[in-house]
Amino acid sequence: MPEPVSPIVWRDGELEIIDQTRLPEELVFIRPRTVEEVWKAIRELKVRGAPALGIAAAFGLYLAIKDFQAKGEEELCAQLKKAADYLASSRPTAVNLFWALKRVQEKVARAQGLGVEKIKELVLREALAIQQEDESMCLAIGRYGAELLKEAQAILTHCNAGTLATARYGTALAPVYYLATQGKVLRVFVDETRPLLQGARLTAWELKQAGIPVTLITDSMAAVVMQKGWVQAVVVGADRIAANGDVANKIGTYGLAILAREHGLPFYVAAPSSTFDLTLATGEEIPIEEREPAEITHLGLRPIAPQGIAVFNPAFDVTPHHYITAIITEKGILRPPYQESISQVLFKEAARQ
Ligand code: MRU
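Residues numbered from 1 in each chain as written. Predicted model: local features only at pLDDT ≥ 70, side-chain atom pairs only at ≥ 80, totals over all residues. Heavy atoms only, no water.

1. Topic: the nonpolar core
- Counting residues in hydrophobic clusters, the biggest one holds 42 residues, and the most contacted among them are Ile8, Leu15, Val47, Phe59, Leu61 and Val123.
- At the level of secondary structure, the elements contributing two or more residues to this core comprise β1 (8-11), β2 (14-18), α1 (35-43), α2 (50-65), α3 (73-88), α4 (95-109) and α5 (116-149).
- If one sorts the elements of this core by residue count, α2 sits on top with 13 residues.
- Among the nonpolar cores identified, the runner-up in size contains 28 residues, and Val231, Val247, Ala260 and Leu346 belong to it. (Core = buried A, V, L, I, M, F, W, Y, C linked by side-chain atoms within 4.5 Å. Buried < 20%, exposed > 50% of the residue type's maximum accessible area, 1.4 Å probe, protein only. Helix = DSSP H or I, 4+ residues; strand = E, 2+ residues; numbered from the N terminus.)

2. Focus on the sheet that holds β1
- The three strands are arranged β1-β2-β3 in an open sheet whose pairing can be described as antiparallel. Here the strands that pair on one side only, and so sit at the sheet edges, are β1 and β3 (29-30).
- Here β2 pairs with β3 via two bridges, running antiparallel. Its bridge partner being in β3, isoleucine 17 is matched across the sheet by isoleucine 30. (Pairing = 2+ DSSP bridges.)

3. Here's the deal with the sheet that holds strand β16 (residues 332-334)
- In space, the seven strands of this open sheet follow the order β6-β5-β4-β7-β10-β15-β16, with mixed pairing throughout. Looking along the sheet, the strands with just one partner apiece sit at the ends: β6 (214-217) and β16. The mean angle between the axes of side-by-side strands here comes to 25°, regardless of whether they run parallel or antiparallel.
- By the bridge criterion, two bridges tie strand β4 (residues 154-157) to strand β7 (residues 233-236) in an arrangement that is parallel. Following the sheet pairing, leucine 156 is matched in β7 by valine 234. (Axes fitted to C-alpha atoms, helices over the stretch in contact; angles between N-to-C directions.)

4. Topic: the site of the ligand
- Surrounding the ligand, one finds 18 residues, the nearest of these being Arg48, Arg91, Asp239, Asn249 and Lys250.
- Within the backbone of alanine 50, an N or O atom sits 2.9 Å from an oxygen atom of the ligand.
- Here asparagine 249 contributes a side-chain N or O atom positioned 2.7 Å from an oxygen atom of the ligand.
- Surface burial for the ligand is 100%, taken as the share of its 420 Å² of free accessible area covered by protein chains. (Near = heavy atom within 4 Å. Polar contact = N/O pair within 3.5 Å; in protein donor to acceptor, adjacent residues only side chain to side chain. Areas by Shrake-Rupley, 256 points an atom, 1.4 Å probe, with all protein chains shown as cover.)

5. A closer look at the pattern of salt bridges
- Considering all chains together, one arrives at 23 salt bridges under this definition.
- Here arginine 22 and glutamate 26 are joined by a salt bridge, their closest N and O atoms 2.8 Å apart.
- One salt bridge connects lysine 102 with glutamate 106, and the closest N-O pair in it is separated by 3.6 Å. Remark: glutamate 106 and lysine 102 occur in helix α4; sequence separation between them is four residues, near one turn of the helix.
- For glutamate 106, a relative accessible area of 37% corresponds to the partly exposed category.
- One connected set of salt bridges, linked through shared partners, spans Arg11, Glu14, Glu16, Arg31 and Arg33. (Salt bridge = Lys/Arg side-chain N within 4 Å of Asp/Glu carboxyl O.)

Spelled out as structure tokens, the structure:
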């Protein structure tokens, strides 16, 4: 199997990002040079997917201070904070973005006295560490998830929680890639994922690149695929998971969870610990991004609805925890009751400190 691509690379002092809005037609890299360009790339979904947003934001922080002529550490930190607040305004739902911004700032706060240049280096090192750790977490998710899917012939997934959404390997797709390296090839049914078609454009593209068999369906065909017994599990990613296990993910995920329950199929969520937000008791508190009506009223530039029609276009929904069979993380598989398993499996070191 060819190695899945990495959507974000730091190469020769430059940030290189796959422009995901151009896929599947062409594989084009962009090189944002400023924090403003990183913000725009995030806002316009050139880079997207919860873990990838955190990685991009961390590199965005470095770009914000790299050439900043600070008189001292205080001024540098003020610039860093300004950049972090700005990047935090790009997209609201994926907590990985806020997690990464906080992590870099906390690292800097602990390194006071190092001097301006060394702090700049520290910020770059932290961004690289976030990227490297995400890749390792995805690999571990792949190994744990493979245990759950080893008897399956096919799975259904939604949106893109693959290599393009992470440092590499993905979350929901990581078990598929891992099993392929072990000689077990699963078929993946991919929802096209209206309105922005991350499933059709991105998931279908990356799986095809990797030589994994894909069947593309429209979102409304998922029920029939389950009814026919063509998939043995549903596996999705997550943008934010609350303390009780409620999961925010791409719009349409909640409906799939209900369908999976009706058809007696396991519904798995795959996510690294950076996707958990224990400051929120339930999914009701997760901020849900609402996007432009034109994403629904137009196909590209062509109108497909009457002009001026009322539109509701939330980018994410929240799946209540009781529909989720298990959450696959880099530290192990979480089972209900999630309130307990999250703190026992995922954050036990943090609790001990
Ligand atoms: O709007 P997007 O494309 O950023 O939404 C992405 C998703 O909903 C993914 O499923 C989620 O971020 C998990 S990525 C590993």
